[in-house]
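# Secondary and tertiary structure notes
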Amino acid sequence: MVREKYFGSALWVDFPQNPVSVLVRKDFDAENTVSAELSVIGLGFFECYINGKIISQDRFLPLNTDFHKRVLKRKNGLWNEETSHRIYVSRYDVTSFIKDGKNSLCFMLGNGWYADTHQEKFGDKKLIFRLTVKDGDGKVSELLSDENVLYKEGFIKEYDLTEGETQDFTDYCDSWLLPETDISFWEKARECSFPETRYMLTDCPADTVTEVLYPAIIRVDEAYKVYDIGKNCSGNLVILLPAQKGRRVEITGSEEKLPENELDREKIMDQNAAFICGDTAREASQKFTWHASRFFRVPADIKVIRFDVITTNVQVNSEFTTDKRVLKWLYDAFINTQLSNMHSGIPSDCPHLERRGYTGDGQLAADAVMTTIDTRKFYDKWIEDISDCQDRLSGHVQYTAPYTHSGGGPGGWGGAIVHVPFMYYKHFGDPSHMIRLYPGMKEYFRFLDEHSRGKLVSRDIDGEWCLGDWCTPTKIRIPAPFVNTYFYVKHIDEILLCSDVLGLSKKEIREYKEKRRVLCEAIKKRYFDPDTGDFARNVQGANAFALDIGLGTKKTFKNLCSVYDEKHMYYNTGIFGTDILTRVLFMRGRGDIAVRLLCSEGKYSFGNIMNQGATTLWEYWTGRRSHSHPMFGAVVSYLFSCILGITQEKDSFGYEKLIISPAELSLTGSFSGKREIPQGTVSVSAEYSERFARFDITLPAEGIFRYKDTEIELTAGQNRIIIE
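The rules behind each value
In every chain, residue numbers begin from 1 and rise along the written sequence. Whole-chain, interface and lining totals are the exception, using all residues; otherwise, since this is a predicted model, local features are given only for residues with pLDDT of at least 70 and side-chain atom pairs are given and counted only at 80 or more. As a convention, hydrogens and water are excluded, and side-chain values are obtained from all of the structure's heavy atoms. Following DSSP output, two strands are said to pair if at least two bridges run between them. Numbered from the N terminus, helices here are DSSP runs of H or I no shorter than four residues, and strands are runs of E no shorter than two. Here an axis means a line fitted to C-alpha atoms, over the contact stretch when the element is a helix, while the angle between two N-to-C directions is reported on a 0 to 180 degree scale. Under this scheme an angle from 65 to 115 degrees is roughly perpendicular, one under 35 degrees roughly parallel, and one over 145 degrees roughly antiparallel; angles in between are oblique. Throughout, a crossing is termed right-handed when the near helix is turned clockwise from the far one, and left-handed when it is turned anticlockwise from it by less than a right angle. Residue contacts are counted whenever heavy atoms from the two residues lie within 4.5 Å of one another. Under this grouping Gly is polar, as are all residues other than the nonpolar Ala, Val, Leu, Ile, Met, Phe, Trp, Tyr, Cys and Pro and the charged Asp, Glu, Lys and Arg. The disulfide criterion is simple: two cysteine sulfur atoms within 2.5 Å. The buried label applies to any residue whose accessible area, calculated with a 1.4 Å probe on protein chains only, is under 20% of its type's maximum; exposed applies above 50%, and partly exposed to all values in between. Salt bridge, as used here: a side-chain nitrogen of Lys or Arg that lies within 4 Å of a carboxyl oxygen of Asp or Glu. Given the number of residues in a helix, its expected span is that number minus one, multiplied by 1.5 Å. Throughout, the protein atoms alone are placed on a 1 Å grid, and a set of points is a cavity if a 1.4 Å probe fits but cannot get out or a pocket if it is open with protein on both sides within 12 Å along at least five of seven lines; lining residues have an atom within 4 Å of a point. Grid points are joined across faces, edges and corners, and a volume is the space filled by probe spheres set on the points. As used in this structure description, the phrase polar contact means that two N or O atoms lie within 3.5 Å; if the pair is within protein, one of them must be able to donate a hydrogen and the other to accept it, and residues adjacent in sequence are counted only when both atoms belong to side chains.

### Regarding the sheet that holds strand 2 (residues 22–30)
In sheet architecture, strand pairing relies on hydrogen bonds along the backbone and comes in two forms, parallel and antiparallel. As summarised here, the arrangement of the six strands in space is 5-4-10-2-13-16, forming an open sheet in which the pairing is antiparallel. Looking at the sheet topology across the chains shown, the edges are occupied by strand 5 (53–54) and strand 16 (187–188). Examined bridge by bridge, strand 4 (residues 45–50) and strand 10 (residues 101–110) share six bridges and lie antiparallel to one another. Paired with glutamate 47 across the bridge in strand 10 is methionine 108.

### A look at the packing of helix 6 (residues 416–428) against helix 8 (residues 480–497)
Direction vectors running N to C along helix 6 and helix 8 enclose 40 degrees, while the axes themselves pass 10 Å from each other. Our classification of the angle between helix 6 and helix 8 gives oblique. The chirality of how helix 6 crosses helix 8 is left-handed. Contact residues: Val418, His419 and Phe422 in helix 6; His491, Glu494, Ile495 and Leu497 in helix 8. Residue classes in the contact of helix 6 with helix 8 are distributed as four nonpolar, two polar and one charged.

### A look at the state of the cysteines
What the rule picks out here adds up to zero disulfides. Here cysteine 173 is not cross-linked by a disulfide; its sulfur's nearest cysteine counterpart is in cysteine 106, at 13 Å. Classification of cysteine 173 as partly exposed rests on a relative accessible area of 47%.

### Things to note about the pairing of strand 23 (residues 272–276)
Burial of strand 23 is extensive: four of the five residues sit out of reach of the surface. Across three bridges, strand 15 (residues 164–168) lies against strand 23 in parallel orientation. Following the sheet pairing, aspartate 168 is matched in strand 23 by isoleucine 276. In this structure, strand 22 (residues 248–254) lies alongside strand 23, joined through five bridges in antiparallel fashion. Looking at the pairing, arginine 248 lines up with isoleucine 276 of strand 23.

### Re the pattern of salt bridges
Under the counting rule described, the total for this entry stands at 54 salt bridges. Two residues, aspartate 27 and arginine 25, come together in a salt bridge whose shortest N-O distance is 2.8 Å. For aspartate 27, a relative accessible area of 25% puts it in the partly exposed group. Using a relative accessible area of 1% as the deciding quantity, one classes arginine 25 as buried. One salt bridge in this structure joins lysine 157 and glutamate 153, with 3.3 Å as the shortest N-O distance. One continuous salt-bridge network, built from bridges that share partners, spans Arg86, Arg198, Lys381, Asp385 and Asp388.

### Re helix 10 (residues 506–527)
With 22 residues, helix 10 should reach 32 Å at 1.5 Å per residue; the first-to-last C-alpha distance of 31 Å fits that figure. Tucked into the core, helix 10 has its buried residues touching helix 7 (432–450), strand 31 (456–457), helix 8, strand 32 (528–529) and strand 33 (534–535).

### Examining the layout of surface pockets
Its volume calculated, the second largest pocket comes out at about 590 Å³. Forming the walls of the second largest pocket are 25 residues, and the residues nearest its centre are Glu47, Tyr49, Ser285, Lys287 and Arg306. Every element with two or more residues in the lining of the second largest pocket is listed here: strand 4, strand 19 (207–213), strand 21 (224–241), strand 24 (282–284) and strand 26 (303–312).

### Overview of empty space enclosed by the protein
Inspection of every chain in the model, using the stated rule, returns six cavities of 30 Å³ or more. Estimated volume of the largest cavity: approximately 90 Å³. Taken together, 16 residues make up the lining of the largest cavity; nearest its centre are Asn64, Trp113, Gln119, Pro402 and Thr404. A per-class count over the lining of the largest cavity returns five nonpolar, six polar and five charged. The computed volume of the second largest cavity comes to approximately 80 Å³. Every residue along the wall of the second largest cavity is listed here: Phe46, Glu47, Cys48, Ile54, Ile55, Ser56, Asp58, Arg59, Phe60, Leu61 and Tyr92.

### Details of the sheet that holds strand 41 (residues 717–723)
Reading across from one edge, 27-36-37-38-41 is the order of the five strands in this open sheet, with antiparallel pairing throughout. Edge strands, defined here as strands with exactly one partner in the open sheet, are strand 27 (319–322) and strand 41. Recorded for the sheet is a direction-independent mean angle of 10 degrees between the axes of neighbouring strands. Strand direction decides the pairing type here: strand 27 and strand 36 (residues 669–677), joined by four bridges, are antiparallel. Looking at strand 36, one finds that threonine 322 is bridged to phenylalanine 671. Along the sheet, helix 3 (residues 325–340) makes contact with strand 27 and strand 36, crossing strand 27 at roughly 160 degrees.

### Section: the side chain of histidine 629
With respect to the helices, strands and loops of the structure, histidine 629 is situated in the loop between helix 15 (606–611) and helix 16 (636–643). Engagement of the side chain of histidine 629 in a polar contact is seen with the backbone oxygen of aspartate 349, the distance being 3.2 Å.

### Thoughts on the environment of serine 39
Take serine 39: it is sitting in strand 3 (residues 33–43). Accessibility expressed as a relative area gives 3% for serine 39, which makes it buried. Residues serine 39 and arginine 91, 52 residues apart in the sequence, show an inter-C-alpha distance of 4.4 Å. Beyond its immediate chain neighbours, meaning those up to four positions away, serine 39 contacts Tyr6, Phe7, Val89, Ser90, Arg91, Ile128, Phe129 and Arg130. There is a polar contact of 3.2 Å between the side chain of serine 39 and the side chain of arginine 91.

### Looking at the packing of helix 3 against helix 16
Contact geometry for helix 3 and helix 16: axes closest at 9 Å, N-to-C directions at 125 degrees. Accordingly, the angle class assigned to the pair helix 3 and helix 16 is oblique. Listed contacts from helix 16 to Leu327, Leu330, Tyr331 and Phe334 of helix 3 are Val636, Leu639, Phe640 and Ile643. Residue composition of the contact of helix 3 with helix 16, grouped by class: eight nonpolar, no polar and no charged.

Next comes the structure, spelled out in structure tokens:
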């Protein structure tokens, strides 16, 4: 959409000298206002006030997108791919903020995603707005951004999106927000051009303060206090700055602490914030970024008021409880990790070091996220990001969406263009994204074909990474072409499952099936050993990859099971292998091994992470780097689909053919939980003893119960089944 639809004749303006932050104001008169609507884009991040009152609790807007074309560089030269671009307009009803007489419309702007230098920035801060006011006589007036907008430097003097802010209140006063304050000496903004892009409204939820925590002091010395906020999460510490003009106050956050209750410096991730006091006391916290930490070091005399948890404003619409403590921890830790990694409309890999929407991490966790959190509108937005970041020339899909120069691979990363819309269709019963992105999916397959050798996907963009699996506990040994070709087959299967809604002809279906056969033959020729029954020597779950696409023999599965039933009572797999291995064990009747792996407390296990006191999932099984990465939590989907058994027929989407089919676990214990499907809430409670299995099931619609040799029709409402 063109700019004029939302902004009329308003102008984009920027700010000479481009300070790190700016305060912006334009005054207007109003009488007898009956309605008022504001449309605004403030780049990078903005907050808006009318007559001294903030108009919304939304944070970190506009949503992060590939805003417009920019000049990018790769290690091997200029980036010459052709992608799409869009930018989101924020729109607010501000009627209640306007008074009769003189009013002030004010903005604070910081660098945000758009202008921050931690990546190849798009440009300097910019602003456009249109305020439309209607009075009681039906007269409509507009206040537009133009060269009469006034600005001055803001109180944020240093800024890095991933590290923190320095705020200086030495000569700052909030009175600039009020219309009676004279600002005639402020500088004028200037009109600026803006590159071509699509302007769009969105109903994707914004970030906001979703929870308030009250930190506990765990260490005191003469200079500092160390606080524990109770869990590792995203947000900002709120402190009370004293009236000590010129004093510098620094706070530092870390994901972990040392035994003596000092911050673990390896897990600070360069997260620091600084505040320079003014001549009046004031509450202070970071404005245009956040910390992802659990522990904070603060000067001993500074009062800590609270910690504001900030994440995308989505609702957790699931529950899971069990007497298996690792499984309960796994669910809780995944939810906390995922929420910590949802900011500005993207699912990030980590909430501190990179903050990027990796297509690998994001597509891997999508099933679990859609199972446990109300994220339909969130994925409406991110699927657009995936589509935008596809190269229209080659079909290549970037490693991050929106695009930031990063590493990945053609299968597990690029395949997000197929897998995420497929999961959206599976969970919500809406094929619109599959249909709309299908031409791009075909171009992606063309890219895979052109980057194959011997029918195996063996390379990616020249000069870039070409990963297969990632974050294995030891050196990656599973071959990348094997993994990438597996994903090619898997995505063909997803296309074939959607053949009806995609309107595939019989010829197209035959061609996909033939392509699948050729790819599988190439995998077998290169990696299958008929004497042992193993693929790629069964390293790091390799047999599970093959079995998941229908390859292998009984021996292949037997060998896979023996590794985890006899040798490794813990995971030795990477981010993709962990998910695939767990699924294959459940789907092929060895849920007992899957549950033992999920509950393991061995050296590479969720139980080991739990036993370290973690409240979030780690990037590596070994604990190196980030301690807030959601991708290993992909297995949480199986707590619901396999253990509770909330699933659907293979040819069903949106749970039209609902099935409750708990895995045969051969253990004692209890499991209960619930989740939302389009028809309503499904809840399942299962109790296993040596004598019987009892299931209490509540459904919003009719369904089928399957367990061992039992099949029973279920009615909407409550159902109890006891199997002795």
